[in-house]
Amino acid sequence: MFQAYDVAPGGQVRGDIRVPGDKSISHRAIMLGALAEGVTEVHGFLEGADALATAQIFRAMGVRIDGPEQGQVKVHGVGLHGLQAPAGDLDCGNSGTSMRLLCGILAGQRFATRMVGDASLSRRPMRRVIDPLSRMGARIDSQDGKPPLQVQPVDGLTAVDLKLAVASAQVKSALLLAGLYADGETRVTEPAPTRDHTERMLTAFGVKVGREGATASVQGGQVLRAARVDVPADISSAAFFLVAAAICPGSDLVLRHVGMNPTRTGVLHVLRAMGADITESNPQLVGGEPVADLHVRGGRLKGITIDPAWVPLAIDEFPALFIAAACAEGVTELRGAEELRVKESDRIQVMADGLAAVGLPVTVLPDGMRIEGRGGEAHPFAGGTVEAHGDHRIAMSFTVAALRSRGPIHVRDTANVGTSFPGFVALARSVGLDVSVAEGD
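Because the structure is predicted, anything quoted here is derived from the model rather than measured.

Cut-offs applied
- Chains are numbered independently. Their residues run from 1 in the order of the written sequence.
- It should be noted that, the model being predicted, local features are given only for residues of pLDDT at least 70 and side-chain atom pairs only at 80 or more, the latter also being counted only at that level, while totals for whole chains, interfaces and linings use all residues.
- With hydrogens and water stripped out, all remaining heavy atoms of the structure feed into the side-chain values.
- By the criteria applied, helices consist of DSSP H or I runs no shorter than four residues and strands consist of E runs no shorter than two, each listed in order from the N terminus.
- Contacts between residues were defined by any pair of non-hydrogen atoms, one from each residue, lying within 4.5 Å.
- For each structure, a 1 Å grid was placed over the protein atoms alone; sets of points admitting a 1.4 Å probe that cannot get out are labelled cavities, open sets with protein on both sides within 12 Å along at least five of seven lines are labelled pockets, and lining residues have an atom within 4 Å of a point.
- Grid points are joined across faces, edges and corners, and a volume is the space filled by probe spheres set on the points.
- Only Asp, Glu, Lys and Arg are considered charged, only Ala, Val, Leu, Ile, Met, Phe, Trp, Tyr, Cys and Pro nonpolar, and every remaining residue, Gly among them, polar.
- Note that the domain bounds reflect an automated or database-derived domain assignment.
- We define a salt bridge as a side-chain nitrogen of Lys or Arg found within 4 Å of a carboxyl oxygen belonging to Asp or Glu.
- Working definition: with a 1.4 Å probe on protein chains only, accessible area under 20% of the residue-type maximum means buried, over 50% means exposed, and in between means partly exposed.
- For two strands to be treated as a pair, DSSP must find no fewer than two bridges joining them.
- A crossover gets the label right-handed when its path from the first strand over the helix to the second runs clockwise, viewed with the strands pointing away from the viewer.
- UniProt positions are given in the numbering used here, feature names are shortened, and annotations may be inferred rather than shown by experiment.

Caption draft 1: Inspection of the side chain of aspartate 50 at higher detail. The residue aspartate 50 is located in helix H2 (residues 49-60) in this model. Residues contacting aspartate 50, with those up to four places away along its chain left out, are Lys23, His27, Asn94, Ser95, Ser98 and Thr419.

So, in structure tokens, the structure goes:
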């Protein structure tokens, strides 16, 4: 089904909302709950296509999963060695997280599996996870390093001490999960900090996880015990509304129970450096994950040179941050973000093309972008038609851009928004955006 958004120009953002549950944590709750002994209860589960694909995959391997129903899920764990051979392919849909983390789990199984994905996922690179897992003895066959992936059973995995060349939470997580099936201690050292949801959740499930500086480690053979998982609101989803309020003078928005994991808060660092008025309240620790309410008020933003240390902490939020940069006064420059080119789309080029389509050309860099903001103008964007290329974050970013546009913005190919943010349009309307949806074949 083809879908597009028509977004009327102008408006302010006001309200008190909670965005859906964190996608990264929802994936991991299903995976670890399935490998645990006992029944894991998940609250606030993200009922988006990506997380649902993970649940269906584990059902196909013999795990009983009740729900989701209003964000509630029960996972009846089968233990580390209780998964069963599926009857057919395991379909990851659009979810790179599912496929990469599953590589680590499936590498330790005694049966063969084949993972497939949609057209977008089938173009995404998998060697970054295949190659380090092969050093543990895993056998994963691919088509030029891209899906589908065939995981063959092996006699056993061997623990390794690996230094990753690229900062990737998905690769780190896959190796730690494979380490549960390995003989000895698996150690993974990152070149820069990435999200640590896997380490935190493994600990909540009773696994001892070593953490020394940039190195995380697990000893093979540990038993996972069922746990209660309370999924915070996804800061990556909150980012679109943070930007929406920040770019519109007079806006006033509260976002409730947002995940504040320090490996995910780069979007806040960038927006605050640009001058955004964002305050935190009601901090809590829920299931090992910090959460807080965020209050953002609209105002004037200024261009900045983005600190390279913030890049891995905000990698999924840069499409929205590019919109903020366009609405700032002065130049914003991002470097060191070549990872954006291998997401659901080439997010550097696709965002540049979209910004040009709405009247704001930018300078494309091999590893980032330079944007001359028009924050001094009431309408930095002229309006126009943008191709989202099936990338949910591109689609939502240009929806937000209409708030500072002179004319309407038509965003094409938006159906995949449902992979990460079901209910986005309704929530956007509730806080003041004028969005209509057109569907067709």
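Caption draft 2: Looking closely at the layout of surface pockets. Approximately 560 Å³ is the volume found for the largest pocket. At the level of elements, helix H1 (23-35), helix H3 (96-106), helix H5 (169-179) and helix H11 (392-401) are the ones that each hand at least two residues to the lining of the largest pocket. A breakdown of the residues in the lining of the largest pocket according to their chemical character gives seven nonpolar, eleven polar and 16 charged. Here the lining of the largest pocket spans two domains, and each of domain 1 (2-21 + 233-440) and domain 2 (23-230) adds at least three residues to it.

Caption draft 3: Structural view of empty space enclosed by the protein. Under the counting rule described, the total for this entry stands at three cavities of 30 Å³ or more. Empty space within the largest cavity amounts to approximately 100 Å³. In terms of lining residues, the largest cavity is bounded by Ile25, His197, Arg200, Met201, Ala204, Ala227, Arg228, Val229, Asp230, Val286, Gly287 and Glu289. Listed by contribution, the elements that provide at least two residues to the lining of the largest cavity are helix H6 (197-204) and strand E16 (228-230). Counting residues per element, the lining of the largest cavity draws most heavily on H6, at four residues. There are two domains that each give the lining of the largest cavity at least three residues, and those are domain 1 (2-21 + 233-440) and domain 2 (23-230).

Caption draft 4: View of the pattern of salt bridges. This model, assessed by the stated rule, comprises 30 salt bridges. As a salt-bridge pair, aspartate 22 and arginine 264 come within 2.9 Å of each other at their nearest N and O atoms. Separated by 242 residues along the polypeptide, aspartate 22 in the loop between strand E2 (14-17) and H1 and arginine 264 in the loop between strand E17 (252-259) and helix H8 (266-273) bring together distant segments of the chain. Like arginine 264, aspartate 22 is buried. Between aspartate 316 and arginine 347 there is a salt bridge, with the nearest N and O atoms lying 3.7 Å from each other. Separated by 31 residues along the polypeptide, aspartate 316 in the loop between strand E19 (289-297) and helix H9 (318-326) and arginine 347 in helix H10 (residues 347-357) bring together distant segments of the chain. Each member of the pair, aspartate 316 together with arginine 347, is buried. Through salt bridges with shared partners, a single network forms among Arg124, Arg195, Asp316, Lys343, Glu344, Arg347 and Asp391.

Caption draft 5: Region of interest: the pairing of strand E23 (residues 384-387). With four bridges joining them, E23 and strand E24 (residues 409-412) adopt parallel strand pairing. The partner of valine 386 across the bridge, within E24, is valine 411. Regarding the hand of the β-α-β motif, the stretch spanning E23, H11 and E24 is right-handed.

Caption draft 6: Fine view of the UniProt feature "binding site: phosphoenolpyruvate" (unreviewed entry) in the protein chain. According to UniProt, the positions carrying the feature "binding site: phosphoenolpyruvate" (unreviewed entry) are Lys23, Gly96, Arg124, Gln170, Arg347 and Arg393. Of the annotated set, the members that line the largest pocket are Lys23, Gly96, Arg124, Gln170, Arg347 and Arg393. The exposure class of arginine 347 is buried, given its relative accessible area of 0%. Excluding residues within four positions of it along the chain, arginine 347 makes contact with Asp316, Pro319, Phe322, Leu340, Arg341, Asp391, His392, Arg393 and Ile394. Within the fold, arginine 393 resides in helix H11. Here arginine 393 falls in the buried class, since its relative accessible area comes to 4%. When sequence neighbours within four positions are dropped, the list of residues in contact with arginine 393 reads Lys23, Ser236, Phe240, Asp316, Pro319 and Arg347.

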